[in-house]
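Reading the structure
Below are the chains, spelled out letter by letter.
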Amino acid sequence: MFKTILYEARNILKKDPAAKSLFEVLTCYPGLHAVLFYRLAHRLYLRKRYTLARIISQIARSLTGIEIHPGAKIGKGLFIDHGMGVVIGETAEIGDNVTIYHGVTLGGVGNEKGKRHPTIGDNVMIGAGAKILGPIKVGNGARIGANSVVLKDVPDRATVVGIPAKVVTSKKNKVLYIYSDVVI
């Protein structure tokens, strides 16, 4: 567990230009604290200790303002920057080295059973206030603009913005600009 803590803290120190020291990250970053609480709760969840896992996640939510369901699957290197109001649902899956800003929701769109939250690839950046809803996939290296509402799959390395979110750049096809369904 100590190696995990150090890996997560060093990742934040590398990604956040405001971070001045490892000690500062370990003591002052609620995103790190939320992820560490999640890791403990997730272990309990996998052992079918659901209520205890939820209690730990609710304590973390009270302390950090970040709600991560213990059933979510999160890779290494998740950086939740200014995390107040982040919500990550039970069937959400997050790859490695993802950055999430405040007010982001990885949520469902109804009360259906089974997979109902998004799957986020590796090296994704999700801007402040973005809502990614439903059992959709966000590809590796994608960028989600602030306050976007994403309801459909996002290709690898694409940037999406808007309500509903639309692709504005795609590294695959050089640069593609879409504004109000008009390709420029």
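Before any of the text, the structure's been laid out above.
The structure displayed is predicted, hence computed values, not measured ones.

To continue, consider a nonpolar patch on the surface. On the surface, Leu 52, Ile 55, Ile 59 and Leu 63 cluster together into a nonpolar patch covering about 360 Å² of accessible area. Structurally, Leu 52 is set in helix H4 (residues 50-64). You can call Leu 52 partly exposed: its relative accessible area is 34%.

To continue, consider the nonpolar core. Counting 30 residues, the largest nonpolar core has Ile 100, Leu 106 and Ile 126 as its most contacted members. Mapped onto this core, the elements with two or more residues apiece are helix H3 (30-46) and strand E14 (158-161). At three residues, the largest contribution of residues to this core is made by H3. Those residues in contact with Ile 100, other than ones at most four positions away along the chain, are Leu 78, Phe 79, Ile 80, Asp 81, Val 86, Ile 88, Ile 94, Leu 106 and Ile 126.

The next thing to look at is the side chain of His 69. Within the secondary structure, His 69 is located in the loop between strand E1 (67-68) and strand E2 (73-74). For His 69, a relative accessible area of 15% corresponds to the buried category. A distance of 2.8 Å separates the side chain of His 69 from the backbone nitrogen of Gly 71, its partner in a polar contact. The contacts of His 69, once residues within four sequence positions are left out, are Tyr 38, Tyr 45, Arg 54, Ile 88, Gly 89 and Glu 90.

Thresholds applied
Residues numbered from 1 in each chain as written. Predicted model: local features only at pLDDT ≥ 70, side-chain atom pairs only at ≥ 80, totals over all residues. Heavy atoms only, no water. Patch = residues over 30% accessible without salt bridge, like charges linked within 9 Å, V, L, I, M, F, W, Y side chains within 5 Å. Areas by Shrake-Rupley, 256 points an atom, 1.4 Å probe, with all protein chains shown as cover. Salt bridge = Lys/Arg side-chain N within 4 Å of Asp/Glu carboxyl O. Helix = DSSP H or I, 4+ residues; strand = E, 2+ residues; numbered from the N terminus. Buried < 20%, exposed > 50% of the residue type's maximum accessible area, 1.4 Å probe, protein only. Core = buried A, V, L, I, M, F, W, Y, C linked by side-chain atoms within 4.5 Å. Contact = heavy atoms within 4.5 Å. Polar contact = N/O pair within 3.5 Å; in protein donor to acceptor, adjacent residues only side chain to side chain.

Shape is all these values report; function is a separate question.
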